Structures are given as C-alpha cells and as structure tokens.
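Each chain, letter by letter, is given below.
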Amino acid sequence: KEPCDVRLVVGPDGGADIDGVCCTVGAAYQQLLDLRAAGRASVICVPVLRLRRGSFLDSPLEQWLAGRGLVAEALLFSDDAEEVLQLLARDADVSPHNVISDVVDSGDLRQVEKAMAVSTSLERTCSTSSGTSCYSHGVLDRLFGHASELVPAGRSRLFVTGPAGEDLVFLEVLRLLRHAILDTTMKSPEQLDAETNSDLMRALAAVLKQVPCGADVG
C-alpha cells in the first residue's frame, strides 16, 4: 500500500483577511495538482489558515466565506495544526519550506510535510493589473498556467479537457480566487474596472462560461 503523503500549506503572514485565506486555499489546490502531476497520486494538500479559530467565528470573514461555501468546520486554522507545525519546525534548519517528518498512524507510515502558500517566486506575480498587491492574483495566475499545460495544443475552446473540464473543485477554486481579487480591488472604482477587464480575468470569465449546466460556478 502506497503511503499517503500529507502536505500542510500554510498561509502568508498577515493572511487573516479574504485575500490571505483565499490564496491559501487556492495555493493548496495548485500544489495538489503539481504533486499529482509529479506522480504522487495519493498526496493530500491541506490549507492551514494564518488565524485562530476563535477569532474567525462570528466574524465578517466567516460570513463572506460561508456565502461561498466555505464553513468553519471544513477549515483548518493555525491553532488546529499548532502541535504538528511545531514538530515540523524542529527540522526547519534543513529546509524551511519543505520539511518532512514521518509519523505512525494506524500502523501506516505517512509523510507529513509543510509548504508555504506564498513563496518568493509566487510573490513576483501578486500584483494585479490595477497595481494592487493581491496574493490571490498570483495563485490564480499560476493555477491558470498549470491548467493550460494540461490542454492539448490546437483545441478551439479553452480548457475543454483537464481539471477545468472535469473537476468542479477546480472551477470552485477559480471562482473563489476571482471573488478575492475583486474584493481586494473594489475599494477603488478605477482599480476594479482595470482588474475586471484584465486579460487574466477575461480568460477566467471565458472558462467559467463553459461550466456544465446546473453547476453553481461563476
């Protein structure tokens, strides 16, 4: 039996807002696709939000996420994973962004590793078309690139195969990131207009239009 690898994807510092939470969820899914493409079929990627459960409950952030299908019971917070993260931190001098620890669970040897939602390379793509700094924008850009690599050349429609064509979770993650980007830029009408009409957001709109009838995405 193949060991089940678990990767904890930890959100960015100061990630206790809509952008921080959504980029963490999106990055966990993007890393899941990357790992599966690399042959790790049994891997599980779990987003760890950089806020404590108590501060999340009954907050405007909880209400915003609940309206998009993410409830507290389905989320992992920093205090939920605190003990495991402390164990992984003991090996931080080896590789601070890829720490591996073997634990025994029901007789099976499992690998648990930690990764950051926002790496140095990802930060370079976190500026939106309107100039706003937004982690979700960088994650969306990378996730889009990953999806397009899975689509055979010459297809007349965007992403008709691969994750965007078959995986509704992929589409839900795209929609969540879109909402986070628009929320980040909506404080200024000029920024919101620039972002809505950007190439990335136009491409996203084209993908979401291809969702099968009855799917609540877009």
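Rules and cut-offs
- Residues numbered from 1 in each chain as written.
- Predicted model: local features only at pLDDT ≥ 70, side-chain atom pairs only at ≥ 80, totals over all residues.
- Heavy atoms only, no water.
- Helix = DSSP H or I, 4+ residues; strand = E, 2+ residues; numbered from the N terminus.
- Buried < 20%, exposed > 50% of the residue type's maximum accessible area, 1.4 Å probe, protein only.
- Contact = heavy atoms within 4.5 Å.
- Areas by Shrake-Rupley, 256 points an atom, 1.4 Å probe, with all protein chains shown as cover.
- Expected span 1.5 Å × (residues − 1).
- Salt bridge = Lys/Arg side-chain N within 4 Å of Asp/Glu carboxyl O.
- Core = buried A, V, L, I, M, F, W, Y, C linked by side-chain atoms within 4.5 Å.
- Axes fitted to C-alpha atoms, helices over the stretch in contact; angles between N-to-C directions.
- Parallel < 35°, antiparallel > 145°, perpendicular 65-115°, else oblique.
- Nonpolar A, V, L, I, M, F, W, Y, C, P; charged D, E, K, R; others polar.
- Disulfide = S-S within 2.5 Å.
- Pairing = 2+ DSSP bridges.
- Right-handed = clockwise from strand over helix to strand, strands pointing away.
- Left-handed = near helix turned anticlockwise from the far one by under 90°.

Moving on, we come to the overall build of the protein. A tally of helices and strands in the protein yields ten helices and five strands. Within the span of the protein, comprising 218 residues, buried residues form 45% of the whole. Restricting the contact set of the protein to residue pairs at least 6 apart, pairs at least 24 apart contribute 67%. Counting only carbon and sulfur atoms, one obtains 52% of the accessible surface of the protein, whose full area is about 11,300 Å².

On to helix α8 (residues 168–185). With 18 residues, α8 should reach 26 Å at 1.5 Å per residue; the first-to-last C-alpha distance of 26 Å fits that figure. Buried residues dominate α8, accounting for 13 of its 18 residues.

The next point concerns the pattern of salt bridges. Where charged atoms of side chains with opposite charge meet at close range, the side chains can pair. Overall, the coordinates contain seven salt bridges when judged by the stated rule. Residues R7 and E113 are paired through a salt bridge, measuring 2.7 Å at the closest nitrogen-oxygen approach. You can see R7 sitting in strand β1 (residues 6–10) and its partner E113 sitting in strand β5 (residues 108–116), a full 106 residues away along the chain. Classification of R7 as buried rests on a relative accessible area of 13%. A salt bridge links R52 to E82; the shortest N-O distance between them is 3.7 Å. Of the two residues, R52 sits in the loop between β2 (44–49) and α2 (53–56) while E82 sits in helix α4 (residues 82–89), which places them 30 residues apart along the sequence.

As a further point, take the nonpolar core. In terms of nonpolar packing, the biggest core is built from 29 residues, with Y29, L140, L143, F144, L174 and L204 touching the most fellow members. Broken down by secondary-structure element, the contributors of at least two residues to this core are α1 (18–37), α6 (135–149), α8 and α10 (199–208). Counting residues in hydrophobic clusters, the runner-up holds 16 residues, among them C22, W64, L65 and F77.

What follows deals with the packing of α8 against helix α9 (residues 189–196). Interaxial distance between α8 and α9 falls to 8 Å at its minimum, and their mutual angle equals 150 degrees. What the angle tells us is that α8 and α9 run roughly antiparallel. In contact with I181, L182 and T185 of α8, α9 contributes Q191, L192, E195 and T196. Split into classes, the residues belonging to the contact of α8 with α9 amount to three nonpolar, three polar and one charged.

What follows deals with the side chain of Q31. Relative to the assigned elements, Q31 resides in helix α1. For Q31, a relative accessible area of 10% puts it in the buried group. In this structure, Q31 is in contact with R7, V9, C45, A115, M116 and A117, ignoring residues within four places of it in sequence.

Let us look at the state of the cysteines. Across all of its chains, the model carries zero disulfides by this definition. Summary of cysteine pairing: C22 is not part of a disulfide, and the nearest cysteine sulfur, belonging to C23, is at 8.2 Å. For C22, a relative accessible area of 1% corresponds to the buried category.

Of the strand pairs in this sheet, β1 and β2 are connected by five bridges, and their pairing is parallel. Considered in β2, the bridge of V10 is made with V48. For the crossover from β1 across α1 to β2, the handedness is right-handed. Relative to strand β3 (residues 76–77), β2 is paired through two bridges, and the arrangement is parallel.

Glancing now at the packing of α1 against α8. Look at α1 against α8: their axes get within 9 Å of each other, and the N-to-C directions meet at 150 degrees. Considered as vectors, α1 and α8 are oriented roughly antiparallel to each other. The element α1 and its partner α8 pack so that their crossing is left-handed. Counted together, I18, D19, C22, C23, V25, G26, Y29 and L33 of α1 and V169, F170, V173, L176, L177, A180, D183 and T184 of α8 form the full contact between these two elements.

Note that every value here comes from positions in space, so none of it alone points to a role or purpose.
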